[in-house]
Amino acid sequence: GQWRSPQGDVKVTAVNLDNQRFEAQLTTTGLEWQQLNIPQPGQVRGQVQLAGTWGEQTPKLTQVQGNLRSTSGWQTLKRPVQVAFNWQGNTLNLDRLDSQGLEVQGQISVPIGAVKPGFNFAQQIQQVNLQVNAQQFPLSQFVPSPPTAPMVGQLNFQGHITGSATQPQSLSGPASRS
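Since we're looking at a predicted model, the values are computed, not measured.

Quick notes on the rules
- All residue numbers here refer to positions counted from 1 along the written sequence of the relevant chain.
- Restriction of local features to residues with pLDDT of at least 70 applies here, the model being predicted, together with a cutoff of 80 or more for giving and counting side-chain atom pairs; totals for whole chains, interfaces and linings are based on all residues.
- The side-chain quantities take in all heavy atoms of the structure and omit both hydrogens and water.
- Numbered from the N terminus, helices here are DSSP runs of H or I no shorter than four residues, and strands are runs of E no shorter than two.
- The quantity called the radius of gyration is restricted to C-alpha atoms. Its globule counterpart is 2.2 Å times the number of residues to the power 0.38.
- When accessible area is computed with a 1.4 Å probe and restricted to protein chains, residues below 20% of their type maximum are described as buried, those above 50% as exposed, and intermediate ones as partly exposed.
- The criterion used for residue contact is that any of the two residues' heavy atoms lie within 4.5 Å.
- For the accessible areas, the method is Shrake-Rupley and the probe is 1.4 Å, while residue cover comes only from the protein chains on display.
- Charged residues are defined here as Lys and Arg on the positive side and Asp and Glu on the negative side; His and the ends of the chain fall outside this count.
- Lys charges are placed at NZ, Arg charges at CZ, Asp charges at CG and Glu charges at CD.
- Residues belong to one nonpolar core when they are buried, are Ala, Val, Leu, Ile, Met, Phe, Trp, Tyr or Cys, and are joined through side-chain atoms within 4.5 Å.
- Two rings from Phe, Tyr or Trp (for Trp, the six-membered ring) form a pair when their centres sit within 6.5 Å of each other. Planes less than 30 degrees apart are called stacked, planes more than 60 degrees apart edge-to-face, and all others tilted.
- We call two strands paired when DSSP finds no fewer than two bridges between them.
- Salt bridges, as used here, are contacts in which a Lys or Arg side-chain nitrogen is within 4 Å of a carboxyl oxygen on Asp or Glu.

A.B. asks: Would you mind showing me how to read the overall build of the protein chain here?
C.D. replies: For the protein chain, the count of helices and strands is 2 helices and 12 strands. For the protein chain, the succession of helices and strands along the chain, N to C, is β-β-β-β-β-β-β-β-α-β-α-β-β-β. Its C-alpha radius of gyration of 18 Å places the protein chain within 12% of the 16 Å reference for a compact globule of 178 residues. If one aligns the C-alpha atoms of the protein chain with their principal axes, the spans along those axes are about 55 × 35 × 25 Å. Counting every position in the protein chain, which comprises 178 residues, the buried fraction comes to 33%. Within the protein chain, counting contacts between residues at least 6 apart in sequence, those at least 24 apart form 33% of the total. For the protein chain, the accessible area works out to roughly 10900 Å², and carbon and sulfur atoms hold 50% of it. Counting 11 positive and 8 negative side-chain charges, the protein chain places the centres of these two groups 8 Å from one another.

In structure tokens, the structure reads:
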């Protein structure tokens, strides 16, 4: 099937419903994040494969895999973001996350079962294990700051970040701020 709106399209293919399990492939073109009830500016486009179970009239995701591009960044990232990922159980594997000046690979522990309307990704993160390469990356996009005291400068960092999203346990590699 296909869902069309003035803010973008979603094409659903390869749907399989079997023995209380479901699978589907979604392709988006120019879909506004807000059409998905995600308070994020800009559009998302790409492909996603979904899998899960269906019981008692409630679907539960067990795996999401895809390649997406967000035209206006994601969370604190204000530049376009491209991501290839595989999310299963409590582990989100980032095969690649690219934004101008930033490359990230690794794992984020966040339960896929918690995904529902109003899901706040950042608040659900339990652990991170990431390889990060940031070159001339604006500090204002790396560290949220109030508008009255914005972070100024650029970050250069290549290394490993572990711990939680709010309290990294280790940073390795040279970092500089200009």
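Having seen the model, we can carry on.
A.B. asks: Would you take a moment to explain the nonpolar core for this structure?
C.D. replies: Among soluble globular proteins, nonpolar side chains are generally buried collectively. Counting residues in hydrophobic clusters, the biggest one holds 31 residues, and the most contacted among them are Phe85, Trp87, Leu92, Leu94, Leu102 and Ile108. Elements that contribute at least two residues to this core include exactly β4 (43-55), β5 (58-70), β6 (81-88), β7 (91-99), β8 (102-109), β9 (127-138) and β10 (154-163). Setting aside residues up to four positions removed in sequence, leucine 102 forms contacts with Leu77, Leu97, Val132, Asn133, Ala134 and Phe137.

A.B. asks: When you look at the packing of aromatic side chains in this model, what are you seeing that I'm missing?
C.D. replies: Here a ring pair, both rings aromatic, is described through the centre-centre distance and the interplanar angle of the planes. Applying the stated criterion across every chain yields a total of 1 aromatic pair. Aromatic pair phenylalanine 22 and tryptophan 54: ring centres 6.5 Å apart, planes at 85°, arrangement edge-to-face. Of this pair, phenylalanine 22 sits in strand β3 (residues 21-32) while tryptophan 54 sits in strand β4, placing them 32 residues apart in sequence. Classification of phenylalanine 22 by relative accessible area gives buried; the value is 12%. For tryptophan 54, a relative accessible area of 45% puts it in the partly exposed group.

A.B. asks: When you look at the pairing of β3 in this model, what are you seeing that I'm missing?
C.D. replies: Consecutive side chains of a regular strand alternate in pointing toward one face of the sheet and then the other. Of the pairings in the sheet, the one linking strand β2 (residues 8-18) to β3 comprises 8 bridges and is antiparallel in character. Bridge pairing links valine 10 to threonine 28 in β3. With antiparallel pairing between neighbouring strands as the criterion, β2 and β3 make up a hairpin whose turn holds 2 residues, including asparagine 19 at a positive phi of roughly 50°. As judged from the 10 bridges shared by β3 and β4, these two strands associate in the antiparallel manner. Its bridge partner being in β4, leucine 31 is matched across the sheet by valine 44.

A.B. asks: Even after reading the chapter, I still don't get the environment of leucine 26, so can you show me in this structure?
C.D. replies: Within the secondary structure, leucine 26 sits in strand β3. Here leucine 26 falls in the partly exposed class, since its relative accessible area comes to 21%. Placed 16 residues apart in sequence, leucine 26 and valine 10 show a C-alpha to C-alpha distance of 6.5 Å. Setting aside residues no more than four positions away along its own chain, leucine 26 makes contact with Val10, Lys11, Val12, Gly46, Gln47, Val48 and Leu50.

A.B. asks: Before we go on, may I ask you to explain the pattern of salt bridges in this structure?
C.D. replies: Side chains that differ in sign of charge can pair as their charged atoms come close. Counting across every chain of the model gives 1 salt bridge. Among the ionic pairs, aspartate 98 bridges to arginine 96, the shortest N-O distance being 3.0 Å. Judged by relative accessible area, arginine 96 falls into the partly exposed class, the value being 29%.

A.B. asks: Whenever I open this one, the environment of glycine 42 confuses me. Can you help?
C.D. replies: Structurally, glycine 42 can be placed in the loop between β3 and β4. Take glycine 42: its relative accessible area is 16%, and that puts it in the buried class. When the C-alpha atoms of glycine 42 and isoleucine 108 are compared, they prove to be 24 Å apart, with 66 residues separating the residues in sequence.

A.B. asks: Whenever I open this one, unusual backbone geometry confuses me. Can you help?
C.D. replies: Where the residue is not glycine, phi is negative for most of them; where a peptide bond is considered, it is trans in most cases. In this model, asparagine 19 sits at a positive phi of 50°, which is unusual for a non-glycine residue. Position of asparagine 19 relative to the elements: it lies in the loop between β2 and β3. The phi dihedral of glutamine 20 is positive, around 65°, even though this residue is not glycine. Mapped onto the secondary structure, glutamine 20 falls in the loop between β2 and β3. Glutamine 20 sits in the exposed class, given a relative accessible area of 58%.

A.B. asks: In this structure, what is going on with the environment of proline 138? I would like to understand it.
C.D. replies: Along the chain, the position of proline 138 falls in strand β9. For the pair proline 138 and asparagine 156, spaced 18 residues apart in the sequence, the C-alpha separation amounts to 9.3 Å.

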